[in-house]
Amino acid sequence: MPRKREMFERTDVPEPSPLRNVIGALVAVAAVAATIMVVVFAWNRANLESHLGDNALEEAVHDLAQYGVASPPAGRSGTGDTVYCTLLLTISSIDAQGASLEDARILAINATKGSAVLVNLPVDLALTVDGNPTTLSELCVKEGYASCVLPLGRAAGLRFSNGVVVSTDDVLGSAAQLAGTDPGELLDSAEAFISRIRTDMDASGLLELAEHLSQVDMSSLASVDVPLVAESVTDEEGNVSTTDREIIDEGELGVLIGLFA
């Protein structure tokens, strides 16, 4: 008579751990978290890099470079000094559309004499764009900060050879502290600073500005108001008259920053 088969459990087969599902879930969560961290880091890095080499500012500085600089006025002559000019614009927000202009200055560093001057510009400075009268602040609000560069540079008779820096506060002191930084390490070592600005300059250009600043005694940096003169207009008959607007006196500005003597 056939014998009934008996069932035995094998002892060499590992039993599934009761924690297997929990461990699997933890591994999956860790993987997702790591992926999110990588994505966030990459996004933050790309966003930070966009603050350097701002396309709109680059284009404006390039367009301005096509025009000549102011000539010495009567009774003045060129000094031959090397003067680096940087346009500094302080606005309410570097990320918002229609941000208001709060402050405008031109930093002029005379590399020949080792001196510098900070020229204050009125935010309602009178400018003319495509034959239409406007102001510096109106341009900034309506067309963005980059739109200020070309008409302001032409009105001042200057080229911003040391670039343009747009920020929400005064960053000159912080910029000077960047001197000596390796360009490849700038994004990591100066993240807080770069997040506060937008500039046409790349890392090397920004560090060049920092080197120029480091050679200037920032504590005694002279701050002066830009020389202004009444705007003159000529009618169809050739008669010259003045308006109630004041524009930059190119000649006196050149004297002030060391270009003319």
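Asks: Now, about the overall build of the chain: what can you tell me, with residues and values included?
Replies: Along the backbone of the chain there are nine helices and ten strands. Within the chain, the proportion of its 261 residues that are buried is 37%. Taking the intrachain contacts of the chain between residues at least 6 apart in sequence as the baseline, contacts between residues at least 24 apart amount to 68%. Accessible area for the chain stands at about 15300 Å²; split by element, carbon and sulfur atoms hold 53% of it.

Asks: Lay out the sheet that holds strand S2 (residues 101-110) with the relevant residues and their values.
Replies: With respect to topology, six strands assemble into an open sheet ordered S7-S6-S1-S2-S3-S8, the strand pairing being mixed. Of all the strands in the sheet, just strand S7 (197-199) and strand S8 (222-225) have a single pairing partner and so form its edges. With strand direction ignored, the average angle separating the axes of adjacent strands in the sheet is 25°. Pairing between strand S6 (residues 164-167) and S7: three bridges, direction antiparallel. Note on S7: the bridge partner recorded for Ser167 is Ile197.

Asks: Tell me about the confidence of the model for the chain, and please be specific about residues and values.
Replies: Summing up the model confidence of the chain, the mean pLDDT is 85 and the portion of residues at 70 or higher is 82%. Mean pLDDT per element in the chain: helix H1 (residues 20-49) is the minimum at 60, and helix H4 (residues 149-156) is the maximum at 97.

Asks: Give a description of the pairing of strand S10 (residues 240-248) that names residues and reports values.
Replies: Pairing analysis gives six bridges linking strand S9 (residues 228-234) to S10, with the strands arranged antiparallel. Bridge pairing in S10 links Thr234 to Val240. Hairpin connection, S9 to S10: the antiparallel pair is bridged by five residues, and Gly238 has positive phi, about 90°.

Asks: Could you give an account of the packing of aromatic side chains, naming the residues involved and the relevant values?
Replies: Each pair of aromatic rings is reported with the distance of its centres and the angle of its planes. Taken as a whole and assessed by the stated rule, the structure comprises zero aromatic pairs. The ring of Tyr67 has Arg154 sitting right over it, with the charged end atom 3.9 Å from the ring centre.

Asks: Could you give an account of the pattern of salt bridges, naming the residues involved and the relevant values?
Replies: According to the stated counting rule, one finds six salt bridges in the structure shown. With a closest N to O distance of 3.3 Å, Asp103 and Arg105 form a salt bridge. On the basis of relative accessibility, which here comes to 27%, the residue Asp103 falls in the partly exposed class. Judged by its relative accessible area of 9%, Arg105 is buried. With a shortest N-O distance of 3.0 Å, Arg245 and Glu231 are connected by a salt bridge. A residue pair is termed long-range when its members are at least 10 positions apart, and Arg245 in strand S10 and Glu231 in strand S9 qualify at 14 residues. Residues joined in a network through salt bridges with shared partners are Asp103, Arg105 and Asp170.

Asks: Outline helix H9 (residues 250-257), listing residues and values.
Replies: Gly251, Leu253, Gly254 and Ile257 are the residues of H9 that are buried. One side of H9 carries all its buried residues, which in axial view fall inside an arc of 165°. Lining the buried residues of H9 we find strand S1 (83-91), S2, strand S3 (115-121), H4 and S10. A side-chain oxygen of the first residue of H9 lies 3.3 Å from the backbone nitrogen of Gly251; this N-cap is Asp249. Two residues or fewer after H9 comes Gly258, characterised by a positive phi angle close to 100°.

Asks: Lay out unusual backbone geometry in plain terms, naming residues and giving numbers.
Replies: A negative phi holds for most residues other than glycine; trans holds for most peptide bonds. Its identity is not glycine, yet Asp130 carries a phi of approximately 55°, on the positive side. By the secondary structure assignment, Asp130 is in the loop between strand S4 (126-129) and strand S5 (132-135).

Basis of the calculations
- Residues numbered from 1 in each chain as written.
- Predicted model: local features only at pLDDT ≥ 70, side-chain atom pairs only at ≥ 80, totals over all residues.
- Heavy atoms only, no water.
- Helix = DSSP H or I, 4+ residues; strand = E, 2+ residues; numbered from the N terminus.
- Buried < 20%, exposed > 50% of the residue type's maximum accessible area, 1.4 Å probe, protein only.
- Contact = heavy atoms within 4.5 Å.
- Areas by Shrake-Rupley, 256 points an atom, 1.4 Å probe, with all protein chains shown as cover.
- Pairing = 2+ DSSP bridges.
- Axes fitted to C-alpha atoms, helices over the stretch in contact; angles between N-to-C directions.
- pLDDT = per-residue confidence, 0-100.
- Phe/Tyr/Trp six-rings, centres within 6.5 Å; stacked < 30°, edge-to-face > 60°.
- Lys NZ or Arg CZ within 6 Å of the ring centre and 35° of its normal.
- Salt bridge = Lys/Arg side-chain N within 4 Å of Asp/Glu carboxyl O.
- Arc of directions from axis to C-beta.
- Polar contact = N/O pair within 3.5 Å; in protein donor to acceptor, adjacent residues only side chain to side chain.

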